[in-house]
Amino acid sequence: MQSERRVRPEDDRGPSMVERLGDRLNSWRYGSPIHRMRLKGRFPLKLLGVPEDPVPGDANRGQRLKAGRLWCDGHGVAIANGPLDDPEAPPGWLRHVHGWAWLRDAAAVPPATEAEARRIELLARRWLERFPEYHPVAWAPELTARRILLAIAHAPLLIPRHDHIHRSLVLNGIARWTRHLDRAVRRMADGPARVEALLGLLGGSLLVPGHEPHRERAEAMIGPALAQILAADGAMGSRSPLDLATLGEQLLFVSGFYRARGLKPLAAMASALEAVRHALSLLAMGDGLPAPWHGGQPAPRQMAALRVSPAASSGEVSGFHRLVAGPTILVVDAAPPPSLRHSQSPHASTLAVVMSDGPVPLLVSCGGCLAAGADGPRPLALPDDLRSGLRTTAAHSTLVLADTNSTRLRLEGPRRKGGVEEVQLQSHGTAEGQWLECRHDGYRRRFGFDHVRRLWLAPDGADLRGEDVLLPVAHGFRRLSAPEALVARLRFHIAPGVVVSLTSDGEGALLRLPAARPRDQLAWSFRAALVKGASLAIEPSLVVGHDGALKPCQQLVVTATVPQGGPLNLAWAFRRQGRG
């Protein structure tokens, strides 16, 4: 038997006051005449190679570029005279512009005429004229790193042979940005942004002549920086599969810079890339994609580029526990939510499950509010209430007490008490099946209950049995007997395309999975052991896809009143019924 205990970190908040003051001091330092002098150096005459960019751009934005308009996140300006630091622009648009991700869009729809090609040159020239020296937003280390990598990878599109002045300006810009990163990365806090900046420094120093000292320093720092954000099993602090896939893309991209020089990528980078692939394989469901835990879901093209396929065995990574039996895959979020320091969009999803039968999803969560973009994860265009709703406990397949999130959701400021502080887990496997028991304290402070979820998966994957228990626990001055009646709802969000119907006795349901031919249709039954006063109902739900598409679906909801003093036991089972 394996036992684990996962505790939410105490330092669960954003950047401290000291860190914010340090950022301001660095901004002042980089804008000083001394720093500008340090950026001077020999003008490079050429690049030492042009690597392949593994990330495709957006063809729709590429068509707008060809027509003379720079467009992203619902905001656009004219390439010829539009402001490149528009104060009304959304943050995503500014990152797109300053990171030069528009080069990927242009490459997705290559210019067909001389006039279209000159628009790309004009946009680069206007940016270089507007931001020739340090700017706190345009020269942010992670954006500078993206700009370096993309300018080199798309040099044939960016640097025409006939305009030697423009060519010299771009190459000198890349060299100066590389020198800037060489100093900036030393003062950056550990985290994904520092890794991205170091990868940009590596790319620039590899393919711009005269930067060998910068390369040596970057190679010495990249290993420890990767080890700080990535555990040996591939776990990241954000616990987000989208962040994992994004890091994998970055490592894959810069590995191409080494190959463009005829060199072997660093062992630390190769090891980190394999760890990312391993983690994503343990999170991938039968359709090849991980669930959208804590932010969003990787795109299929990311999983394909990283050559990730679902793992054939059970395992654990980043606080997620994976059970595999026959064609059935079950993944449980068995850890507290990530800290605000690590996550853009933590979910209150502790003890939630997702499940697939072969390539067909069965149990899902409602989705995330981030998607893979050409310049990293980007917010989906969703209404604010839906964006916040996707992070709630009710948007996941788990138990909800008193319509309250198991962890209070905040995006800034210190962590508030009252959420999941600790998760205890026990697991073991025998010839009779795989067993998993998890317990979290998310409702202890507010209501005096712990949530315990017990799961058993049969060896052939055709039978999943579960029990959700609200266990009374004394805490502080809270009595074991709550004065008010509490209502618990056990939710199972059913994947889009699955047809759900209640049985005649109202205590079960039949789930018909989609199939190309009726005779191949697979069905699962659901049964709930309803306690006194409990009921089972089918309610509408929805799923937000990895691309932001809204897909209607249904959910099974078991509603029960918690007995005075508890406990409440809700037993249930999913069983495969075979093919019709």
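Residues numbered from 1 in each chain as written. Predicted model: local features only at pLDDT ≥ 70, side-chain atom pairs only at ≥ 80, totals over all residues. Heavy atoms only, no water.

## Quick word on the packing of helix α10 (residues 192–207) against helix α11 (residues 212–229)
Part 1 of the reasoning: Viewed as axis vectors pointing N to C, α10 and α11 meet at an angle of 155°, and their least axial separation amounts to 9 Å. Here α10 is positioned roughly antiparallel relative to α11, judged by the angle of their axes. The two elements α10 and α11 meet at a crossing, and its hand is left-handed. Residue-level contacts link Pro 192, Arg 194, Val 195, Leu 198, Leu 199, Leu 201, Leu 202, Ser 205 and Leu 206 of α10 to Glu 212, His 214, Arg 215, Ala 218, Glu 219, Met 221, Ile 222, Ala 225, Leu 226 and Ile 229 of α11.
Part 2 of the reasoning: Residues that form the contact of α10 with α11 fall into these classes: 13 nonpolar, two polar and four charged. (Axes fitted to C-alpha atoms, helices over the stretch in contact; angles between N-to-C directions. Helix = DSSP H or I, 4+ residues; strand = E, 2+ residues; numbered from the N terminus. Parallel < 35°, antiparallel > 145°, perpendicular 65-115°, else oblique. Left-handed = near helix turned anticlockwise from the far one by under 90°. Contact = heavy atoms within 4.5 Å. Nonpolar A, V, L, I, M, F, W, Y, C, P; charged D, E, K, R; others polar.)

## A closer look at the side chain of Asp 243
Part 1 of the reasoning: Tracing the sequence through the fold places Asp 243 in helix α12 (residues 241–260).
Part 2 of the reasoning: Within the buried core, Asp 243 has no salt-bridge partner, and the shortest N-O distance to an opposite charge, that of Arg 146, equals 9.7 Å. (Buried < 20%, exposed > 50% of the residue type's maximum accessible area, 1.4 Å probe, protein only. Lys, Arg positive; Asp, Glu negative; His and termini not counted. Salt bridge = Lys/Arg side-chain N within 4 Å of Asp/Glu carboxyl O.)

## Observations regarding the nonpolar core
Part 1 of the reasoning: Core analysis: the largest hydrophobic core is formed by 98 residues, its most contacted members being Leu 70, Trp 100, Trp 127 and Met 269.
Part 2 of the reasoning: Phe 449, Phe 492, Phe 526 and Phe 574 belong to the second largest nonpolar core, which has 53 residues in total. (Core = buried A, V, L, I, M, F, W, Y, C linked by side-chain atoms within 4.5 Å.)

## Quick look at α10
Part 1 of the reasoning: Over its 16 residues, α10 runs 23 Å from end to end, which matches the ideal 22 Å to within 8%, given 1.5 Å per residue.
Part 2 of the reasoning: Burial analysis of α10 places 14 of its 16 residues in the buried class, which makes it a mostly covered element. (Expected span 1.5 Å × (residues − 1).)

## Thoughts on the packing of aromatic side chains
Part 1 of the reasoning: Using the criterion set out here, one finds 14 aromatic pairs in the structure.
Part 2 of the reasoning: Here Phe 253 and Phe 257 contribute two aromatic rings whose centre-to-centre distance is 5.4 Å and whose plane-to-plane angle is 65°, an arrangement assigned as edge-to-face. In this pair, Phe 253 and Phe 257 are both assigned in helix α12, four residues apart and thus about one turn of the helix distant. For the pair formed by Phe 253 and Phe 257, the shared burial category is buried.
Part 3 of the reasoning: Residues Trp 572 and Phe 574 carry aromatic rings whose centres are separated by 5.9 Å and whose planes lie at 75° to one another, so their mutual orientation is edge-to-face. By the burial criterion, Trp 572 is buried, and Phe 574 matches it.
Part 4 of the reasoning: Over the aromatic face of Trp 177 sits the side chain of Arg 147, whose NZ or CZ is 4.5 Å from the ring centroid.
Part 5 of the reasoning: Over the ring of Phe 320 we find Arg 239, and its NZ or CZ is 4.3 Å from the ring centre. (Phe/Tyr/Trp six-rings, centres within 6.5 Å; stacked < 30°, edge-to-face > 60°. Lys NZ or Arg CZ within 6 Å of the ring centre and 35° of its normal.)

## Topic: the confidence of the model for the chain
Fine structural detail should not be taken from predicted coordinates in areas where pLDDT scores are low.
Part 1 of the reasoning: Of the residues in the chain, 93% reach a pLDDT of 70 or more, and the chain-wide mean stands at 90.
Part 2 of the reasoning: Of all helices and strands in the chain, the one with the weakest mean pLDDT is helix α1 (residues 17–30) (69), whereas strand β6 (residues 328–333) scores best (98). (pLDDT = per-residue confidence, 0-100.)

## Overview of the pairing of strand β17 (residues 499–502)
Part 1 of the reasoning: In terms of strand pairing, β17 meets strand β18 (residues 508–512) through four bridges, oriented antiparallel. Residue pairing across strands places Val 500 opposite Leu 511, the latter belonging to β18. (Pairing = 2+ DSSP bridges.)

## Structural notes on the pattern of salt bridges
Proximity of charged atoms lets side chains of opposite charge pair with each other.
Part 1 of the reasoning: Here the structure, examined in full by the defined rule, presents 30 salt bridges.
Part 2 of the reasoning: When the shortest N-O distance is used, the salt bridge between Arg 444 and Asp 450 registers 2.6 Å.
Part 3 of the reasoning: The class for Arg 444 is partly exposed, based on a relative accessible area of 23%.
Part 4 of the reasoning: Classification of Asp 450 as buried rests on a relative accessible area of 0%.
Part 5 of the reasoning: When salt bridges with common partners are traced through the structure, they connect Glu 4, Arg 6 and Glu 316 into a single cluster.

## Description of the pairing of β18
Part 1 of the reasoning: Linkage of β17 to β18, two consecutive antiparallel strands, is achieved through a turn of five residues, within which Gly 506 is found at a positive phi near 75°.
Part 2 of the reasoning: By the bridge criterion, five bridges tie β18 to strand β19 (residues 522–529) in an arrangement that is antiparallel. Pairing of Leu 510 across the sheet is with Ser 525, part of β19.

## Focus on unusual backbone geometry
Part 1 of the reasoning: Backbone geometry at Asp 73 places phi at a positive 50°, although glycine is not the residue there.
Part 2 of the reasoning: Mapping Asp 73 onto the fold places it in the loop between β2 (69–72) and β3 (75–78).
Part 3 of the reasoning: Located in the positive-phi region is Asp 403, a residue other than glycine, with phi close to 50°.
Part 4 of the reasoning: Tracing the chain through its elements places Asp 403 in the loop between β11 (399–401) and β12 (422–430).

## So, the environment of Leu 251
Part 1 of the reasoning: You can see Leu 251 is positioned in helix α12.
Part 2 of the reasoning: C-alpha separation for the pair Leu 251 and Ala 153, spaced 98 residues apart in sequence, amounts to 14 Å.
Part 3 of the reasoning: Leave out the neighbours within four places in its chain, and Leu 251 touches Leu 199, Leu 226, Met 269, Ala 272 and Leu 273.

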